Amino acid sequence: VKLFGKWSFDDIEIRDISLVDYIACKGDHATYLPHTAGRYQKKRFRKASCPIVERLACTLMRKGRNSGKKLMAVRIVQHTLEIIHLLTD
């Protein structure tokens, strides 16, 4: 599964052993789009199983004119990753 059809989750390695349980990017958490519509706040520590890119998109839609607009937040994340890809190649 590739994020937005471009970036693979296979090359990701988490070096800090204390963060491995809380950064979800492998296995079931590798999604094509960061919009799973899952209920990750119902139980304690369940948000640790939310994909990390979706958590980034959710934090972008907290305040101001972006509040509640998840598709716009996902598009911002996609454009940001495109810019990072162009600058690092």
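This one's a predicted model, so the numbers in the text were calculated from it and none came from an experiment.

Q: Quick rundown of the overall build of the protein? Include the residues and the values.
A: Looking only at helices and strands, the protein has two helices and two strands in total. Ordered by position from N to C terminus, the α and β elements of the protein give β-β-α-α. Each of the three principal axes of the protein carries a C-alpha extent, and together these read 40 × 35 × 20 Å. Evaluated residue by residue, the protein yields a buried proportion of 24% over its 89 residues.

Q: Please set out helix α2 (residues 70-88) residue by residue, giving values where relevant.
A: Helix length check: α2 (19 residues) gives 27 Å between terminal C-alpha atoms against 27 Å at 1.5 Å per residue, within 8%. Every buried residue of α2 is listed here: Lys 70, Ala 73, Val 74 and Val 77. Looking down the long axis of α2, one finds its buried residues gathered within 100° of arc, a one-sided arrangement. Exposed and facing more than 90 degrees away from the buried side of α2 are Leu 71, Ile 83, Leu 86 and Leu 87.

Criteria and cut-off values
All residue numbers refer to position in the chain's written sequence, counted from 1. Note on the predicted model: pLDDT of at least 70 is required for a residue's local features to be given, and 80 or more for side-chain atom pairs to be given and counted; whole-chain, interface and lining totals, by contrast, use all residues. Note that the side-chain values use all heavy atoms of the structure and ignore hydrogens as well as water. Secondary structure elements are defined from DSSP: runs of H or I of at least 4 residues count as helices, runs of E of at least 2 residues count as strands, and each element is numbered from the N terminus. Per-residue accessibility, obtained with a 1.4 Å probe over protein chains only, is compared with the maximum for each type, and a residue is labelled buried under 20%, exposed over 50%, and partly exposed between these values. What a helix should span is 1.5 Å times the count of its residues minus one. The directions considered for the arc run from the helix axis to the C-beta atoms.

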